[in-house]
Amino acid sequence: MRTSYKKEDVELLLKDITGLVRPRSTEERERMIQSGRHYCEMLPIEYTPSAEYMEAYEEALKEYAEPVAHAIGRLADRVMQEKGEGVVLVSLARAGIPIGILLKRYLDFKYHVKVKHYSISIIRGRGIDRNAMNYILERHAPRQLLFVDGWTGKGAILNELKKELEQFPGVSPDMAVAADPANITRLCGTHEDILIPSSCLNSTVSGLVSRTFLRNDIIGEEDFHGAVYYGELAGSDLSYAFIDAIEEKFVPESRTDGKGAEGVGMEEVMEIARAYGIEDTNLVKPGIGETTRVLLRRVPWRVLIHSKYKDSRELAHIVRLAEEKKVPIEYYPLKHYRVCGIIKKLADA
């Protein structure tokens with residue numbers, strides 16, 4: 001798979017399907033998804049952010065580089081305690097890739113340990129890429145593998161991972177993330193809903209790679225799951241600018257982290273759904289990362305912001321996107337999250 005990431009940072013176990021899939025508009029994809037088509041069978045037209053949004057992204061990166069670096073450091077310490085220096089990182093494409101690279105670099109920075117890092121696809125409702133798993137397990141012992149993602153929203157991917165790994169004896173279903181506001185994994189850098197700045201953009205902060213794709217007319221039985229390489233966006237590629245900004249803030253001893261909210265995030269998601277009369281909790285996307293994705297990729301209905309973070313610089317990019325797309329913002333007493341995005345049910349639109 002072509003990517004702007006260096007081979008020594010990550011090996012992407014994906015099939016290059018560049019030019020084989022026509023990208024679809026946000027509205028077209030949303031109607032297809034809500035009528036039952038799986039999101040993995042199509043790709044979006046990559047959103048080109050405005051100059052104002054890019055300014056908000058740069059501000060967010062300045063604001064969050066240090067907290068993210070501390071979260072990576074705490075996560076790396078926990079990984080070393082649990083897995084040791086033989087760990088093999090398996091990031092979940094694509095949000096997990098930059099976090100996997102940062103984790104790999106921190107392990108080298110503090111522990112002088114060089115670990116292998118692969119990235120593979122897992123798709124909610126369709127499962128993990130079994131060909132990619134077999135490729136890794138031909139080269140490494142099951143106990144060495146550790147899955148890495150960017151953050152937790154509601155826990156759907158962690159649940160998918162647990163279910164899928166039952167067919168791979170000895171592989172731990174633990175998932176390491178930088179931020180776990182959903183309060184569902186031990187291996188996290190923080191339980192706070194901090195922004196992972198790579199969630200603010202699409203391929204231009206993810207090695208110029210699309211989200212993963214699975215459709216049997218293009219992905220054969222022996223193929224890895226697919227992805228597109230956006231070489232035409234090379235002039236806007238910020239993938240390493242993001243990595244470097246976080247790495248600059250690495251310190252050998254990271255600050256301790258506060259405790260997360262009681263209970264798990266999914267309980268709060270169900271409360272929000274009840275409050276707004278939403279039958280399908282898939283339309284409720286909590287957390288900074290998930291809300292950003294809703295605004296970038298889906299058809300948003302409204303954005304809920306914890307009143308404590310009104311006028312906060314930390315959420316400036318979300319407010320900017322909501323204003324650009326004319327999405328209403330409401331202030332809501334969130335517990336686990338700073339912000340929550342709600343997707344518009346198009347049947348009601």
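To be clear, the structure that these remarks concern was listed above.
These notes cover the structure that comes with them.

1. Regarding the packing of helix α3 (residues 96-111) against helix α6 (residues 239-247)
In a pair of packed helices, the angle between the axes and the distance between the axes together describe the arrangement. Interhelical geometry of α3 versus α6 gives an angle of 40 degrees and a closest axis separation of 10 Å. Looking at the two axes, α3 sits oblique to α6. Considering the relative orientation of α3 and α6, their crossing is right-handed. Residue-level inspection shows Pro98, Ile101, Leu102 and Arg105 of α3 in contact with α6, the latter providing Tyr240, Phe242, Ile243, Asp244, Ile246 and Glu247.

2. Focus on empty space enclosed by the protein
In this structure the tally under the stated criterion is three cavities of 30 Å³ or more. One number sums up the size of the largest cavity: a volume of about 690 Å³. Forming the boundary of the largest cavity are 32 residues, of which Tyr39, Ile157, Arg211, Glu290 and Arg293 lie nearest the centre. The set of elements that each furnish at least two residues to the lining of the largest cavity consists of α1 (26-34), β5 (122-123), β7 (145-151), α5 (156-164), β11 (284-286) and α8 (288-297). Residue contributions to the lining of the largest cavity peak at four residues, all from α8.

3. Comments concerning the side chain of Thr291
Secondary-structure assignment places Thr291 in helix α8. Exposure remark for Thr291: the relative accessible area of 0% places this residue in the buried category. Here Gly287 takes part through its backbone oxygen, which lies 2.7 Å from a polar atom of the side chain of Thr291. Once residues lying within four places of it in the same chain are set aside, the contact partners of Thr291 are Lys285, Pro286, Val303, Ile318, Val339, Cys340 and Gly341.

4. Overview of the nonpolar core
The biggest cluster of nonpolar side chains holds 64 residues, and the ones touching the most others in it are Ile72, Leu102, Ile196, Phe242 and Ile246. For this core, the elements supplying multiple residues, two or more each, are α2 (51-83), α3, β7, β8 (175-179), α6, α8, β12 (300-305) and α9 (316-324). Ranked by the residues each element gives to this core, the list is headed by α2, at 14 residues. Each residue touching Ile72, except ones within four places of it in the same chain, is listed here: Ile99, Leu102, Leu103, Tyr106, Ala178 and Phe250.

5. Some words on the sheet that holds strand β13 (residues 329-331)
The four strands lie next to each other as β11-β14-β12-β13, forming an open sheet whose pairing is mixed. Each having just a single partner strand, β11 and β13 make up the two edges of the open sheet. Each strand axis lies, on average, 25 degrees off the axis of its neighbour in the sheet, ignoring direction. Strand direction decides the pairing type here: β11 and strand β14 (residues 339-343), joined by three bridges, are antiparallel. Among the inter-strand pairings, Lys285 is bridged to a residue of β14, identified as Gly341.

Here is what the cut-offs are and how they apply
Residues numbered from 1 in each chain as written. Predicted model: local features only at pLDDT ≥ 70, side-chain atom pairs only at ≥ 80, totals over all residues. Heavy atoms only, no water. Axes fitted to C-alpha atoms, helices over the stretch in contact; angles between N-to-C directions. Helix = DSSP H or I, 4+ residues; strand = E, 2+ residues; numbered from the N terminus. Parallel < 35°, antiparallel > 145°, perpendicular 65-115°, else oblique. Left-handed = near helix turned anticlockwise from the far one by under 90°. Contact = heavy atoms within 4.5 Å. 1 Å grid on protein atoms, 1.4 Å probe; cavity = no way out; pocket = protein on both sides within 12 Å on 5 of 7 lines; lining within 4 Å. Points joined across faces, edges and corners; volume = space filled by probe spheres on them. Buried < 20%, exposed > 50% of the residue type's maximum accessible area, 1.4 Å probe, protein only. Polar contact = N/O pair within 3.5 Å; in protein donor to acceptor, adjacent residues only side chain to side chain. Core = buried A, V, L, I, M, F, W, Y, C linked by side-chain atoms within 4.5 Å. Pairing = 2+ DSSP bridges.

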